[in-house]
Amino acid sequence: MVYQLSLHLLGDPQEALDLCQEVFLRVFRTLPRFRGQSTLRTWIYRIVLNQASNRHRWWRRRHRSQQVPLETHAAVHGELTESRNFAQPDRVLEQRETADRVWVALNRLPFDQRAVVVLREIDGLSYEEIAASLGVAVGTVKSRLARARQNLRSDLRPE
Amino acid sequence: VTTAGCALIRADLGAFIDRELPGVQMLRVADHLASCDRCASEVDSLRSIGQMLRTAAERNQTPPAVALIADDVVELVRAENAQSWRALLTRGFGDWRWTLAGAGSVAATSVLALFVSAVLVLGPAPERDDSLAALISNLTSPSGMLFLEASPPGAAKDAMLVGVDNGGTSREIARNEQVMPAVLRITEQQFVEQLTDAVAREGRLVELGSMPESKRRYTEALLDGINRIRSSEPARGSTGSLNVTKIRFVTTTGVTAKGLN
């Protein structure tokens, strides 16, 4: 659960592993202070989200100068798999391409929108649980989710 | 064709597919979708995004390293708990040592300041003869004694010093009245005669200080009686048996800055 959420939020397996270790350590250290005001799952989700947010912010600061627009990346390294213009008869390969497109689109979302859509669509949390995990109002969850879906639909629209 | 109703419904489509709408609104949206192909298509599109995300997530396998992380963390926490208190304190306060040193200095300075203040407030003060406390003490203390330089008629050279209670303390008067309670019923002339007898011995005056205690009190009572009679009756001139040449008022006080009890 923790690893999958970390991976979906950060998009990098190694980063997700590191985040997992941080989260487990924090859970072990702070478990005596857990008051049961929320469910244990929500409490752990909140820790994952906070740690992921910190890590994401740190990573963005550190690598801001190294970020390049998608067009530049495509010009240097070639097009991404989702827009390759040749037929892929193999269904497995097609699913993989679709998954790659989904991850690219997900990683292009702002962190707040990404967290909401991952918690809702992949982890299946209710609006109430998402709000508790993020420490925001339910209305905020609704609006972020609507924007996230809109952005994803724009990115994943078939060409 | 998009209608105004569609615009209202579309705001709820996300919550509709998440089943987060109240029952009445769920029915209203469902009714609309049954009759509106565009909104139904919108719902399908939103659902497909969710489905794509879930399908993509299923492809992600959890690596075996994750299972080892839990063991590593447990070992790490156990190692932390096994550390000595001294190590924990050193680690916890390692960065605070300068703060603690500063706080200790401030505390020591405060204690010293309190000690000096206590010494100044509670300690003995030097005596001063011009302090306000000394003036108050003088005003409230007994008014002292009157002394007469007096001599029998015709014997001015043998002037003696006679102590007279000036009425400042009722205690002294009461003591004299005990010695001679009938003193108030005799006349001034009789007082003077008895005073002459009391202070003269073999034609010489006897000082009060050399008299026995009882006789000295008797003499003071006589002088007190004379004073009383003279304060209530007109003076009769110097026809008495004593010639008073000088009156001295003597008072003694001890003076300290803190006042006297």
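Just above, that's the structure.
The structure reproduced in this document is the subject of the present report. (Residues numbered from 1 in each chain as written. Chains lettered and ligands numbered in written order. Predicted model: local features only at pLDDT ≥ 70, side-chain atom pairs only at ≥ 80, totals over all residues. Heavy atoms only, no water.)

## Points about the overall build of chain A
Step number 1: Per the secondary structure count, chain A includes 8 helices and 0 strands.
Step number 2: A burial count over chain A gives 39% of its 159 residues as buried.
Step number 3: Within chain A, contacts between residues at least 6 apart in sequence are counted, and of these 61% link residues at least 24 apart.
Step number 4: Approximately 9300 Å² of chain A is accessible, and the part contributed by carbon and sulfur atoms is 48%. (Helix = DSSP H or I, 4+ residues; strand = E, 2+ residues; numbered from the N terminus. Buried < 20%, exposed > 50% of the residue type's maximum accessible area, 1.4 Å probe, protein only. Contact = heavy atoms within 4.5 Å. Areas by Shrake-Rupley, 256 points an atom, 1.4 Å probe, with all protein chains shown as cover.)

## Remarks on the overall build of chain B
Step number 1: When helices and strands are counted, chain B shows 11 helices and 5 strands.
Step number 2: The proportion of buried residues among the 261 residues of chain B is 28%.
Step number 3: Of all intrachain contacts in chain B linking residues separated by at least 6 positions in sequence, the fraction that spans at least 24 positions is 67%.

## Some thoughts on the packing of helix H6 (residues 111-122) of chain A against helix H8 (residues 138-156) of chain A
Residues and elements named next belong to chain A.
Step number 1: At their nearest, the axes of H6 and H8 sit 8 Å apart, and the two run at 95 degrees to each other. Taken together, the axis directions place H6 and H8 in an arrangement best described as roughly perpendicular. Along its contact with H6, which presents Asp112, Gln113, Val116, Val117, Arg120 and Glu121, the element H8 presents Val141, Arg144, Leu145, Arg147, Ala148, Arg149, Asn151 and Leu152.
Step number 2: Within the contact of H6 with H8, the residues separate by chemical class into 6 nonpolar, 2 polar and 6 charged. (Axes fitted to C-alpha atoms, helices over the stretch in contact; angles between N-to-C directions. Parallel < 35°, antiparallel > 145°, perpendicular 65-115°, else oblique. Nonpolar A, V, L, I, M, F, W, Y, C, P; charged D, E, K, R; others polar.)

## Some words on the side chain of Asp12 of chain B
All names here are of chain B.
Step number 1: Within the secondary structure, Asp12 is located in the loop between helix H1 (4-10) and helix H2 (13-17).
Step number 2: Residue Asp12 is classed as buried on the basis of its relative accessible area of 16%.
Step number 3: At a separation of 3.3 Å, a polar atom in the side chain of Asp12 contacts the side chain of Gln25.
Step number 4: Sequence-distant contacts of Asp12, that is, excluding residues within four places in its chain, are made with Leu21, Gln25, Arg28 and Val29. (Polar contact = N/O pair within 3.5 Å; in protein donor to acceptor, adjacent residues only side chain to side chain.)

## Quick word on the state of the cysteines
Step number 1: Inspection of every chain in the model, using the stated rule, returns 0 disulfides over all chains.
Step number 2: There is no disulfide at Cys36 of chain B, and the cysteine sulfur nearest it, in Cys39 of chain B, is 3.5 Å away. (Disulfide = S-S within 2.5 Å.)

## What to know about the environment of Leu195 of chain B
Step number 1: Relative to the helices and strands, Leu195 of chain B is located in helix H10 (residues 188-199).
Step number 2: C-alpha of Leu195 of chain B to C-alpha of Leu222 of chain B: the two residues are 27 residues apart in sequence and 6.1 Å apart in space.

## What about the pattern of salt bridges?
Side-chain pairing between opposite charges can occur once the charged atoms of the two side chains come close.
Step number 1: Per the counting criterion, the structure on display carries 13 salt bridges over all chains.
Step number 2: The residue Arg120 of chain A makes a salt bridge to Asp18 of chain B at a minimum N-O spacing of 3.0 Å. With Arg120 of chain A in helix H6 and Asp18 of chain B in the loop between H2 and helix H3 (23-35), this pair bridges two chains.
Step number 3: With a closest N to O distance of 2.5 Å, Arg216 of chain B and Glu220 of chain B form a salt bridge. In this pair, Arg216 of chain B and Glu220 of chain B both sit in helix H11 (residues 213-232), 4 residues apart, roughly one turn of the helix.
Step number 4: Under the relative-accessibility criterion, Glu220 of chain B is labelled buried at 4%.
Step number 5: Within the structure, one salt-bridge network assembled from shared partners comprises Arg120, Glu121 and Arg149 of chain A together with Asp18 and Arg54 of chain B. (Salt bridge = Lys/Arg side-chain N within 4 Å of Asp/Glu carboxyl O.)

## Comments concerning a nonpolar patch on the surface
Step number 1: Residues Leu112, Phe115, Val116, Val119, Leu120, Val121 and Leu122 of chain B make up a contiguous nonpolar surface patch of roughly 780 Å² in combined accessible area.
Step number 2: As for its position among the elements, Val121 of chain B is in helix H7 (residues 97-122). (Patch = residues over 30% accessible without salt bridge, like charges linked within 9 Å, V, L, I, M, F, W, Y side chains within 5 Å.)

Without other data, these values stay purely geometric and don't point to any function.
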